[in-house]
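Notes for the structure review
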Amino acid sequence: MTVARSLFIPLVLFLVIAFLIGPFLIIVAASFSAGETLAFPPQGFSLRWIAKVFTVESFRASFGMSMFLAIGGTLAALVLGIPASYALSRYKLPGAEIVRTIVSAPIIVPGIIVGLALLRYIVVPFQIGITLALFMAHTALILPYAVRVVSASLENLRSDIEEAAVLLGSSRLGAFFRVVMPNIRGGILSAFILGFVTSFNQVPVSLFLSGPGVRTMPIDMIAYMEIVFDPSVAALSSLLALMSIGIVFAAERFLGFSRYV
Amino acid sequence: MFQNRAEALALALPAAIFAAAVFLVPVVILLSDGFRNPAGGWTISAYIDFFSSPLNQAVFLRTLKLGALVTVVSAVIGYAAAFAIVNLEPGMKGKVTGLVVLPLMISPVARTYAWIVILGRTGIVNQAFQALGISDVPLRILFSETAIFIGLLQLFLPLMIISLISALENMPKDAVPAARVLGANWFQVFWKVILPLTKEGLVVGGTLVFTGCLTAYITPAILGGSKVLMLETLMYQQVSVSNNFVAASVIAFILIVMSFAANILLKRVATARNKQRRAAA
Amino acid sequence: MSDASYLSLQKLTLTYGDSPAVPDLDLDIRKGELIALLGPSGCGKTTTMRAIAGLMPVKSGRVRLDGSDITRVPANKRAVGLVFQSYALFPHLSVYENVAFGLKLKGMRGQELDAKVQSGLKSVGLSNFANRRPAELSGGQQQRVALARSMVMEPKVLLLDEPLSNLDARLRLEMRTELQRVQKETGVTMIFVTHDQAEALALADRIVVMKSGKIEQIGSPEDIYNRPTSSFVADFVGFENIFPLENGKLKTSGGLINLSSQPPSAAGLAWRPRMVTLGIGPFRGTVRGTSFAGDSREYLLDTPIGPIKAEVEASQPAYALGAELVFDLPAEKAAPLARFA
Ligand SMILES: Nc1ncnc2c1ncn2[C@@H]1O[C@H](COP(=O)(O)OP(=O)(O)O)[C@@H](O)[C@H]1O
Ligand SMILES: [Mg+2]
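Here the structure is a predicted model, which means the values were calculated and not measured. (Residues numbered from 1 in each chain as written. Chains lettered and ligands numbered in written order. Predicted model: local features only at pLDDT ≥ 70, side-chain atom pairs only at ≥ 80, totals over all residues. Heavy atoms only, no water.)

Regarding the overall build of chain A
Within chain A, the secondary structure is distributed over 11 helices and zero strands. Dimensions along the principal axes, computed over C-alpha positions, put chain A at roughly 70 × 65 × 30 Å. Counting all 261 residues of chain A, 60% fall into the buried class. Approximately 10,600 Å² of chain A is accessible, and the part contributed by carbon and sulfur atoms is 71%. Positive and negative side-chain charges in chain A, numbering 16 and 11 respectively, have mean positions lying 5 Å apart. (Helix = DSSP H or I, 4+ residues; strand = E, 2+ residues; numbered from the N terminus. Buried < 20%, exposed > 50% of the residue type's maximum accessible area, 1.4 Å probe, protein only. Areas by Shrake-Rupley, 256 points an atom, 1.4 Å probe, with all protein chains shown as cover. Lys, Arg positive; Asp, Glu negative; His and termini not counted. Charge placed at Lys NZ, Arg CZ, Asp CG, Glu CD.)

Comments concerning the interface of chain B and chain A
Taken together, the 73 residues of chain B in the interface contact 74 residues of chain A. The junction of chain B with chain A conceals about 6,800 Å² of combined surface from both sides, 83% of it contributed by carbon and sulfur atoms. Counting across the chain B and chain A interface gives two salt bridges. With 21 residues, helix α1 (residues 5–33) of chain B is the single largest residue contributor to the side of chain B that touches chain A. Tallied by class, the residues present in the side of chain B that touches chain A amount to 62 nonpolar, seven polar and four charged. (Contact = heavy atoms within 4.5 Å. Buried area = accessible area lost by both parts, 1.4 Å probe. Salt bridge = Lys/Arg side-chain N within 4 Å of Asp/Glu carboxyl O. Nonpolar A, V, L, I, M, F, W, Y, C, P; charged D, E, K, R; others polar.)

Points about the confidence of the model for chain C
Mean pLDDT over chain C stands at 92; residues scoring 70 or higher make up 99%. Both scores are given for the predicted complex: the pTM is 0.84, the ipTM 0.89. (pLDDT = per-residue confidence, 0-100.)

Observations regarding the packing of helix α6 (residues 130–155) of chain A against helix α8 (residues 172–201) of chain A
Residues and elements named next belong to chain A. Two elements in contact, α6 and α8, have axes separated by 9 Å at closest approach and are oriented at 150°. Between α6 and α8, the angle is such that the two are roughly antiparallel. Of the two elements, α6 crosses α8, and the hand of that crossing is right-handed. Contact residues: α6 offers His138, Leu141, Ile142, Tyr145, Ala146, Arg148, Val149, Val150, Ser153 and Leu154, while α8 offers Val180, Ile184, Gly187, Ile188, Ser190, Ala191, Leu194, Gly195, Thr198 and Ser199. Among the residues making up the contact of α6 with α8, the classes are represented as 12 nonpolar, seven polar and one charged. (Axes fitted to C-alpha atoms, helices over the stretch in contact; angles between N-to-C directions. Parallel < 35°, antiparallel > 145°, perpendicular 65-115°, else oblique. Left-handed = near helix turned anticlockwise from the far one by under 90°.)

Comments concerning the packing of aromatic side chains
Inspection of the entire model under this criterion finds 24 aromatic pairs over all chains. An angle of 80° between the planes, with centres 5.7 Å apart, marks the rings of C:Tyr299 and C:Tyr319 as edge-to-face. With C:Tyr299 in strand β16 (residues 296–303) and C:Tyr319 in the loop between β17 (306–313) and β18 (324–328), this residue pair connects regions lying 20 residues apart in the sequence. A residue is classified by how much of its surface remains accessible, and C:Tyr299, at 2% relative accessible area, is buried. Here C:Tyr319 falls in the partly exposed class, since its relative accessible area comes to 25%. Taken together, the ring pairs connect A:Tyr86, A:Tyr91, A:Phe176 and A:Phe177 into an aromatic cluster. (Phe/Tyr/Trp six-rings, centres within 6.5 Å; stacked < 30°, edge-to-face > 60°.)

What about the site of ligand 1?
Residues and elements named next belong to chain C. Around ligand 1 sit Tyr16, Ala21, Pro40, Ser41, Gly42, Cys43, Gly44, Lys45, Thr46 and Thr47, and that is every residue in its neighbourhood. Measuring from an oxygen atom of ligand 1, one finds a backbone N or O atom of glycine 42 at 2.6 Å. At a separation of 2.9 Å, an oxygen atom of ligand 1 approaches a polar backbone atom of lysine 45. Along the lines of polarity and charge, the residues of the shell around ligand 1 split into four nonpolar, five polar and one charged. (Near = heavy atom within 4 Å. Polar contact = N/O pair within 3.5 Å; in protein donor to acceptor, adjacent residues only side chain to side chain.)

Focus on α6(A)
All names here are of chain A. Taking 1.5 Å as the rise per residue, α6 with 26 residues should run 38 Å; its terminal C-alpha atoms sit 37 Å apart, in good agreement. Of all the bends in α6, the greatest reaches close to 35° and is centred on isoleucine 142; the proline proline 144 follows between one and four positions later. Counting buried positions along α6 yields 20 of 26 residues, so the element is predominantly enclosed. (Expected span 1.5 Å × (residues − 1). Bend = angle between axes of the 7 residues up to and from the residue.)

Comments concerning the sheet that holds strand β14 (residues 268–271) of chain C
Hydrogen bonding along the main chain pairs the strands of a sheet, whether they run parallel or antiparallel. Residues and elements named next belong to chain C. Overall, antiparallel pairing links the five strands, which are arranged β13-β12-β11-β14-β19 in an open sheet. Strand pairing shows two members of the sheet lacking a second neighbour, β13 (255–257) and β19 (335–337), which therefore form its edges. Strand-to-strand twist across the sheet, computed as the mean angle between neighbouring axes with direction ignored, equals 35°. As paired elements, strand β11 (residues 241–246) and strand β12 (residues 249–252) share two bridges and run antiparallel to each other. (Pairing = 2+ DSSP bridges.)

Brief notes about the packing of helix α3 (residues 57–90) of chain A against α1(B)
To characterise two packed helices, one gives the angle between the axes of the helices and the distance between these axes. It is at 8 Å that the axes of α3(A) and α1(B) come closest, and there the two elements cross at 130°. It follows that α3(A) is oblique to α1(B) by the angle criterion. Where α3(A) crosses over α1(B), the handedness of that crossing is left-handed. Packed against α3(A), whose contacting residues are A:Leu80, A:Pro83, A:Ala84, A:Tyr86 and A:Ala87, the element α1(B) presents B:Ala8, B:Leu11, B:Ala12, B:Pro14, B:Ala15 and B:Phe18 at the interface. Class assignment of the residues belonging to the contact of α3(A) with α1(B) gives a composition of 11 nonpolar, no polar and no charged.

Below is the structure:
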């Protein structure tokens, strides 16, 4: 019994983690291959595919696009989401549940539908550019995360400190910036990181929203790997994963990210 | 609690209006398209058409089946993994949990892509099978339900494990020893003690996994190819290949109904438990 | 403005939505007074304080302070200080910065600011804690920071909402003296909320007893303690034996009872346990419970007129549980109640 148990735990953990992380490690290994095609075990060792990633023109463009969407969309979602979260947690808001449902709905509805609906009923009729449409779609997609994380950190902050600030002579707006913002900064940064990673890795929303020269990074990767079967997509995947993990790791280190999400 | 309504609305409305304009209104119009006939009236003929096609039936059932299967298997593995993790010492627990969460930070494209290397004709699995003499010709694992299943399971297992970890941690510490003392075997302990006490976490995890499977696009697209479709990939095909927006609307509605059904189920179970607690208090 | 109404609430009505929390409140407070707002939880004490501070919209009526109507003056321009029940310190600022917060908003800078903050900290004995964060302080110390933070602003009125209720018994006594000292030294008009009658009696110049949003009685601690005017106040300040009067007779569960001497004309009478005479008198009772409290002994008596609580000096002979005895409720010792609820 005890022997079985003492073996059970490490075995289960090993298998599960191998299943979850293993495939990714294989991708990393494959990106250092010297061979022409994607394969494991890698044939030889080289940095040529890592280097190639930086020379592919469309990768550079789509990386820039995804960066813009992830950063811009998250900032926009925060600009909209922080006041909304504040209203939801500090006011007796008429229709609070309706507002909460509307702003968090994009998380429930499959992204592909959001993308298609936006294309058919906003982009086409109003003749707006694909970049703007992508920006709006990503903002809407991140909004639920922003509201959830910021609300959680507002709930953890007593609301009477704002009244204390007002009684000490501050205006309501001043009180928000002087005593609320400094105390929810961690939550806002966490929302930013969560939004960034979500947006950057997002595919379905962007599926229908691509035009000539306008593609997000993941869509571009899918398009590329349908044509070319070399390890450069593996190399790119490794680099992007390293970026995401690095950001999240730093966030956990300095902010205690996981407290907020 | 501030009482000024105008202020509250001024703060909340921009976000609500934005979400409504960019998301709610277009999606509602899209969904209503599937219930329209050319004369402008209301009809469900598009749904009858959709479900009378054997191909569509197969895709619908496959989506349900894979979603349910991945949910059940991830629950089984999830319990074992979560149980193992909560029994680790604190420092180790954090690290292992981190490893479980890590894949969530990696792009699903990268995570799915890896399975091509593993399951492909010249992939590791086929190499191993041939080396071991299990089969002399490369097996076709990629572009099958099996491949999609594996991909989805790997994609969403972390969500289940995390939900179950927090459920197990919130369980009263002495529930299991108490049941053991009373003579329950491990099967009974799980069925009679652990499962009821972690039901809520299981439902949260289950909903996340099931909804995730419904709405995943990349995994069925890459690992299922153009033949083994799920609802999401079928919808994409209907739009980009057949230009059939009515069918796309029908699929969208089915997907949304399925996600909402899962979501409502979650809330049901959670509130049922809260009521119990309130009644007990 | 007369001296008797430095702060005055006139027909003040406060509501949450449609439910009235405080209807039609009138109250006048003298400059430099230390007022206790006493009442059970939920009677509207916090609501009243918040209205004075400007944190709660006034439905109708007026708030006047130092000769001007401040009913519509925003909270940040009122010169009213409030020490919150939870202290409401700014968690991201040090003790020093917490105290400096309001002064900086007033435009105070440099040496003047520093001197003022330092003297504020010194007056509450926290000079050595200037660089700590609130989370690194004990409850009592946090309370002092909150007090200093309000006091350096030199408010016209300082409000304290249950200032002592979050402290342990020993600190509570210590802070009582501290509050009294600060008030005497600065002469600030102070209103503090409490649901603890002992605290109100010990500290206040005048006590305002509230019940369901209305003032039940206003008076000096002696008045409130010795001469409650209603059954509610009597009960609140420890009169345990309270009965209505009808035609000069005591109305009890055992019917109308004649007292041993003629009672004053009132709606009711109230006796503290100490006022009950044991060993002589017209009434009979059985000892149902007894407890020893050092220099006194308390008895719970089962009697035909209902349960009676009596307290006698411990030096007197003790009665055993179940013992039969006679007792008296002397009318001349009782507090006459004008109102009986
Ligand atoms: N935010 C609120 N919304 C609605 N009713 C409230 C609110 N705060 C207090 N009340 C009600 O107003 C009454 C007075 O409350 P309060 O002033 O907090 O009492 P106290 O401070 O004397 O305990 C109570 O009946 C309470 O239920
Ligand atoms: Mg109160």
